[in-house]
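Read off the chains here:
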Amino acid sequence: MFSLIRVFTAAFALCAAVYAQPTFTKIFNGLLGFDDMATIDGPFGTRALYTFTGGNLTDVNTGALAGTFLTAGGGDLGIASSNNGIFYANIRGIVQWTDGSYAYLEAQGSGAFTGTVANTYLHIETNSSTYSGLETQFLFMDLDVTTMPNVIGIYALN
């Protein structure tokens, strides 16, 4: 039995050494405004119904405007858990890129309800020839919920 534990310990150590910690590169800075529309109290907590009031994305390398969040067709339908006080973001929205094309963004993640940064996994679908590479990237977005509009950053896995 002791040798079996030694084998599992050695295998675990080898696996841990092989995989490097992931790194991310920031690709967009932005602002995203939300407007409180309503809340729904339910069995798991309070569901927030926020609509977008506008916002933008800028390229971190050039500082140029990359796209604008549309106010129609997007918002946050996240839930503030009644069990642990964590806010589970569920954001969907549409960006119009400066090349005239559009993108659908879907973000899922968590953070405190107020006074902190919410971190989300981000999925993008777009018909933009400029930004179509984002569809196959692992992306995450952080939102500083202490500001309004929220300051956001979008990062790509290296």
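Up top you'll find the structure we're talking about.
Residues numbered from 1 in each chain as written. Predicted model: local features only at pLDDT ≥ 70, side-chain atom pairs only at ≥ 80, totals over all residues. Heavy atoms only, no water.

Participant: Just to check I follow, could you spell out the overall build of the chain for this structure?
Facilitator: Assigned secondary structure in the chain consists of one helix and ten strands. Out of the 158 residues belonging to the chain, those deemed buried represent 33%. Contacts in the chain between residues far apart in sequence, at least 24 positions, make up 48% of those at least 6 positions apart. On the chain, roughly 9,100 Å² of surface is accessible, and the fraction owed to carbon and sulfur atoms is 60%. (Helix = DSSP H or I, 4+ residues; strand = E, 2+ residues; numbered from the N terminus. Buried < 20%, exposed > 50% of the residue type's maximum accessible area, 1.4 Å probe, protein only. Contact = heavy atoms within 4.5 Å. Areas by Shrake-Rupley, 256 points an atom, 1.4 Å probe, with all protein chains shown as cover.)

Participant: Please clarify how a nonpolar patch on the surface should be interpreted in this entry.
Facilitator: Nonpolar side chains collect at one region of the surface, where Phe24, Tyr121, Phe138 and Leu157 lie side by side and expose about 340 Å² of accessible area between them. Exposure remark for Tyr121: the relative accessible area of 37% places this residue in the partly exposed category. (Patch = residues over 30% accessible without salt bridge, like charges linked within 9 Å, V, L, I, M, F, W, Y side chains within 5 Å. Salt bridge = Lys/Arg side-chain N within 4 Å of Asp/Glu carboxyl O.)

Participant: Would you explain unusual backbone geometry in this entry?
Facilitator: Comment: phi is negative for the bulk of residues other than glycine, and the bulk of peptide bonds are trans. Cis geometry marks the peptide bond from Met148 to Pro149, where omega comes out at 0°. By the secondary structure assignment, Pro149 is in the loop between β9 (139-144) and β10 (150-157).

Participant: So what exactly am I meant to see when it comes to the nonpolar core here?
Facilitator: In a soluble, globular protein the nonpolar side chains are often hidden away together inside. With 28 residues, the main nonpolar core has Phe28, Leu57, Phe69, Ile91, Trp97, Leu122 and Met141 as its most contacted residues. Elements supplying a minimum of two residues to this core: β1 (24-42), β2 (45-59), β3 (65-69), β6 (86-97), β7 (102-112), β8 (117-126), β9 and β10. Among the elements that line this core, the one with the most residues is β6, at five residues. Apart from the residues lying within four places of it in its own chain, the contact partners of Leu57 are Phe28, Asn29, Gly30, Ala64, Leu65, Ala66, Gly67, Phe69, Val95, Trp97, Ile152 and Ile154. (Core = buried A, V, L, I, M, F, W, Y, C linked by side-chain atoms within 4.5 Å.)

Participant: How do you make sense of the environment of Thr120 when you look at a structure like this?
Facilitator: Position of Thr120 relative to the elements: it lies in strand β8. Judged by relative accessible area, which is 3%, Thr120 ranks as buried. Apart from the residues lying within four places of it in its own chain, the contact partners of Thr120 are Ala89, Ala107, Gln108, Gly109, Leu139, Phe140, Met141 and Leu143.

Participant: Which parts of the structure should I look at to understand the pairing of β9?
Facilitator: Every regular strand shows the same layout, with side chains that alternate between the two sheet faces. Where β8 meets β9, six bridges bridge the pair, whose relative direction is antiparallel. Across the sheet, residue Thr120 finds its bridge partner in β9, namely Met141. Relative to β10, β9 runs antiparallel, the two being bridged by six bridges. Bridging across to β10, Asp144 finds its partner in Val151. Connecting β9 to the next strand, β10, in antiparallel fashion are five residues. (Pairing = 2+ DSSP bridges.)

Participant: What should I look at first to understand the packing of aromatic side chains in this one?
Facilitator: Pairs of aromatic rings are described using the distance from one ring centre to the other and the angle between the two planes. The tally for this structure, following the rule as stated, stands at ten aromatic pairs. Both rings, one in Tyr121 and one in Phe138, keep their centres 5.3 Å apart while their planes meet at 45°; by these two values the pair is tilted. Taken as a pair, Tyr121 in strand β8 and Phe138 in the loop between β8 and β9 lie far apart in primary sequence, 17 residues in all. For Phe138, a relative accessible area of 42% translates into the label partly exposed. An aromatic cluster is present here, built from Phe24, Tyr121, Phe138, Phe140 and Tyr155 joined pairwise through their rings. (Phe/Tyr/Trp six-rings, centres within 6.5 Å; stacked < 30°, edge-to-face > 60°.)

Participant: How do you make sense of the pairing of β10 when you look at a structure like this?
Facilitator: A large share of β10 lies buried, amounting to six of its eight residues. Summarising the sheet, β1 and β10 pair through eight bridges and their orientation is antiparallel. The residue of β10 that forms the bridge with Lys26 is Tyr155.

Participant: Teacher, can you tell me more about the pattern of salt bridges here?
Facilitator: A side chain of one charge can pair with a side chain of the opposite charge when the charged atoms of the two come close. Inspection of the entire model under this criterion finds one salt bridge. Put simply, Arg92 and Glu106 hold a salt bridge, and the shortest N to O gap is 3.0 Å. Of this pair, Arg92 sits in strand β6 while Glu106 sits in strand β7, placing them 14 residues apart in sequence.

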